[in-house]
Amino acid sequence: MNSLVLPALIPLLAAPLIVLVGGRKRAWILAWIALAAAFASVLHLFSLGDGQNALGGWDAPVGITYVIDAANRPILLLIMLAGLLGLLCAPPDRLAWLETPRPAIFYALYCLCVSGLAGMASTGDAFNVFVFLEISSLATYALVASGPGRKALRAAFQYLVLGTLGGSFVLLGVGLLYMATGSLNMADIARLIPASPLHNAVLVGGAFVLLGFMLKSALFPLHQWLPGAYSRSPNAVAVLLAASGTKVSLYALCRIMFGVFGLSWLLAHHVDKILLILACAAMLFGSLGAIQQTRLKALLAWSSIAQIGYIVLGISTLSQAGLSAAWLFMLFHGLIKGGLFVCASGLSSDRIKNLPGLGRRDPLRATCMTLLALALLGVPLTAGFVSKWLLLQAVWDSGALLGVVVFALSSLLAVAYVARIVLPLWQSSDNSQPLITPWTMRLGMLLTTAAALLFGVWPGPVIELCRQAAEALL
Amino acid sequence: MTPKRNNAVLRVVTKQIIPMILLFALYVQFHGEYGPGGGFQAGVIFAAGFVLYALVFGLDLASRAMPARALFRIAPLGVLLFAGVGVYSLLKGYAFLDYTAIDPHDPVHAQHLGILIIELGVGLTVFSVLLLIFYAFAGRRRADSLTHKDMG
Amino acid sequence: MNLGLINGYAAVALLMTGLYIVLAYDNPIKRLIGLSIFQAAIFVLYISMGRIAGGTAPILAEGFEHYSHPLPHVLILTAIVVGVAMLALGLALIVRIYEEYGSIDEQHILELEREPDA
């Protein structure tokens, strides 16, 4: 079971190697090899089955354990796919605008970020989650700051302040839980909580941990950092973050909710109702915000805020159907939004008013963008439809009428913002100069679009994965 | 940064004290398994020696003694040293960072050796990263005299 | 007031102070200072939790039976390193913002931003 550490370890090892080797092209190739190897190790985990690995040979609850089960395998898969997809958008020759004299650092930070996300997804230790959270966050702040233009710096600083607050909340909460139970191992904390004499420490600690992860997953109203971080960062980073960044925090949120506190604690403290209200607010305000944006990437980022609301809506049902729908939504939304950010990469201007004519300038990009946007909307025969349909069913069954109503409203609003980006693509304009897109980015668009369509008609295996994930969590 | 070259007392005292700082850092580094200390603390103290040198004698002399290029090599090497022990134990069939892999016949000796190597990696990285941060901030010229190429 | 809990009260006061500074000020350097105070409060909380009445430093020596719990100290060492990295990165960003805008004043920068960007 020693290979459980590999998804986090391989990119972590790659980062210093990339700095040592240096050079633009070599760094890119090394990052590729590392993420491909990490991806292979995740596939290997699927064949291994559930398991635990005690680091340094120190068994739980003393040592740090890595726990792999049905719940986090799909998340690890998503992280690695997002990492590879992002790398497609950062071929070495397109790094010219990066202001760093050491481009290798960019790729090293990229690998560190993936490593931090993978570590968050695979550890079973509450403090270790904080450490990996900060590894990925610190790498992300620096990556966002390397984006084009000076606004990237302010977006990165805003993200740094809010992200550090989120991380500190997690640290504070874990400390209080440790005070109450004397353990840092998640399974062990769960076992000790009922016997703990410090009820209030458990309550406040739990509240801080959940709050911290809500901030890191940009759940409304803690979303202020997200539009800037997504829309100002370099293309590759935007793809990685949009496809997997917030999802990993949502996974950690679920892991703490179900793996540490358990259903009865959550129900007793009305966590389901709080999440339902926040999810509804996120769906409404995210969609409303997306409609008002003037830049393509900012629109996509605001749409992500709404989609996080959908995922949390699924989690708030606290039911198996809801959780498996939330997992499916995470995977499919990661795929679709990642693809959309690939399509939004490499445009000379990402203002929506400059979109007209793109259908003629770069037909492949415009076609992929249209199909992916329709999938985001949830048009039948796309992956988006499957996840939305299952989510709606789960929410309906849970009897949360508010959720159903807001779900429908938000989906209507989504039509408005999707129309704002899809319709102009096919209008004619004076600018008919063909747009040159590197083959790696074309590959990324094609693959994500194909996958979004394929899973629309053949979602069976993924639904089964998500069903098992929900079963493992509950 | 303007070096205080004309202050004889400062220069003499600094020259006397820097070797002691570095020596103390090495003590903290290699005594860390028995007493208070370890790689983090040693790295910080070692870096503090160079920071003091840079403060008194100027950044140019300091970066001649310990060039940033070298630090850029040392920092990843430290991480690799740390992770290398873990990978070695993984390859030997033990858990990640299980020091027993270093000397399976004498686990206690292996623990000693393991923590020494690990802490050396930590010390090297902390030292070089802290000094790099210091160089990065101290070496910054005023914004108005910067061309775009200097940045980053 | 229970004097045994004085570290707890101090931690809460520091937490509130730090959070207020982060949220209420425009000056990015002050906000970083607020963040550092906020984190320091958490460090205080952790370290106080490891204390055992009458305990010494957690070093094995003859004649000492009780010693503080070393684990919170080690955890906080990690968190301090994270805090240092955050502070260095934040200050580096502020330097870069100053170089790009010629100001770190939020109001001034917002005025500059009014000009449409490409």
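In the block above lies the structure referred to throughout.
S.K.: Lay out the overall build of chain A with the relevant residues and their values.
M.R.: The helix and strand tally for chain A stands at 19 helices and two strands. Computed over its C-alpha atoms, the radius of gyration of chain A comes to 21 Å, within 12% of the 23 Å expected for a compact globule of 474 residues. In terms of overall dimensions, chain A has C-alpha extents of about 70 × 55 × 40 Å along its principal axes. Counting across all 474 residues of chain A, residues that qualify as buried make up 64%. If you take every contact in chain A between residues at least 6 apart in sequence, the share linking residues at least 24 apart comes to 81%.

S.K.: Explain the interface of chain A and chain B to me, and be specific about the residues and the numbers.
M.R.: Contacts between chain A and chain B engage 16 residues on the former and 15 residues on the latter. Taken together, the elements giving at least two residues each to the side of chain A that touches chain B come down to α1 (6-21) and β1 (51-54) of chain A. In terms of residues, the side of chain A that touches chain B owes the most to one element, α1(A), which gives six residues. For the side of chain A that touches chain B, the per-class residue count stands at 10 nonpolar, five polar and one charged.

S.K.: Just give me the short version of the nonpolar core, but keep the residues and values in it.
M.R.: Proteins that are soluble and globular tend to have nonpolar side chains buried together. All names here are of chain A. Grouped together as the largest cluster of nonpolar side chains are 263 residues, with contacts concentrated most on Ile 18, Ala 31, Ile 79, Cys 111, Ala 156, Val 239 and Leu 372. With 20 residues, helix α6 (residues 151-181) is the largest single contributor of residues to this core. If sequence neighbours within four positions are ignored, Ile 79 has contacts with Val 114, Leu 117, Ala 118, Ala 121, Ser 244 and Val 248.

S.K.: Residues and numbers for the interface of chain A and chain C, please.
M.R.: On the side of chain C, 25 residues touch chain A, which itself brings 24 residues to the contact. Put simply, the parts of the chain that give the side of chain A that touches chain C at least two residues each are α5 (126-145) and α6 of chain A. Ranked by residues supplied to the side of chain A that touches chain C, first place goes to α6(A) with 14 residues. Of the residues belonging to the side of chain A that touches chain C, the class tally is 15 nonpolar, five polar and four charged.

S.K.: Pulling in residues and values, what's your account of helix α4 (residues 68-91) of chain B?
M.R.: Helix length check: α4(B) (24 residues) gives 34 Å between terminal C-alpha atoms against 34 Å at 1.5 Å per residue, within 8%. Along α4(B), the largest kink reaches about 25° and is centred on Ala83(B). Turning to α4(B), its buried residues are Leu71(B), Ala75(B), Pro76(B), Gly78(B), Val79(B), Leu80(B), Phe82(B), Ala83(B), Val85(B), Gly86(B), Ser89(B) and Leu90(B). Contact partners of the buried residues in α4(B): α1 of chain A together with α5 (107-138) of chain B.

S.K.: Break down the packing of helix α15 (residues 363-377) of chain A against helix α18 (residues 439-457) of chain A for me, with residues and values.
M.R.: All names here are of chain A. Taken N-terminus to C-terminus, the directions of α15 and α18 make an angle of 35°; their axes are 10 Å apart at the nearest point. As for how α15 packs across α18, the hand of that crossing is left-handed. Residue-level inspection shows Leu 364, Arg 365, Cys 368, Leu 371, Leu 372 and Ala 375 of α15 in contact with α18, the latter providing Arg 442, Met 445, Leu 446, Thr 448, Thr 449, Ala 452 and Leu 453. Counted by class, the contact of α15 with α18 contains nine nonpolar, two polar and two charged residues.

S.K.: Before we move on, can you summarise unusual backbone geometry with the specific residues and values?
M.R.: Residue and element names in this part refer to chain A. Residue Pro 221 is bonded to the preceding Phe 220 through a cis peptide linkage, with omega at 0°. With a phi close to 55°, Leu 318 is a non-glycine residue in the positive phi region. Following the sequence through the fold, Leu 318 ends up in the loop between α12 (296-316) and α13 (320-343). Positive phi values are uncommon outside glycine, yet Leu 381 reaches one of about 75°.

The rules behind each value
Residues numbered from 1 in each chain as written. Chains lettered and ligands numbered in written order. Predicted model: local features only at pLDDT ≥ 70, side-chain atom pairs only at ≥ 80, totals over all residues. Helix = DSSP H or I, 4+ residues; strand = E, 2+ residues; numbered from the N terminus. Rg over C-alpha atoms; globule rule 2.2 N^0.38 Å. Buried ≥ 20, exposed ≤ 12 C-beta atoms within 10 Å, placed from the backbone. Contact = placed C-beta atoms within 7 Å. Nonpolar A, V, L, I, M, F, W, Y, C, P; charged D, E, K, R; others polar. Core = buried A, V, L, I, M, F, W, Y, C linked by C-beta atoms within 7 Å. Expected span 1.5 Å × (residues − 1). Bend = angle between axes of the 7 residues up to and from the residue. Axes fitted to C-alpha atoms, helices over the stretch in contact; angles between N-to-C directions. Left-handed = near helix turned anticlockwise from the far one by under 90°.

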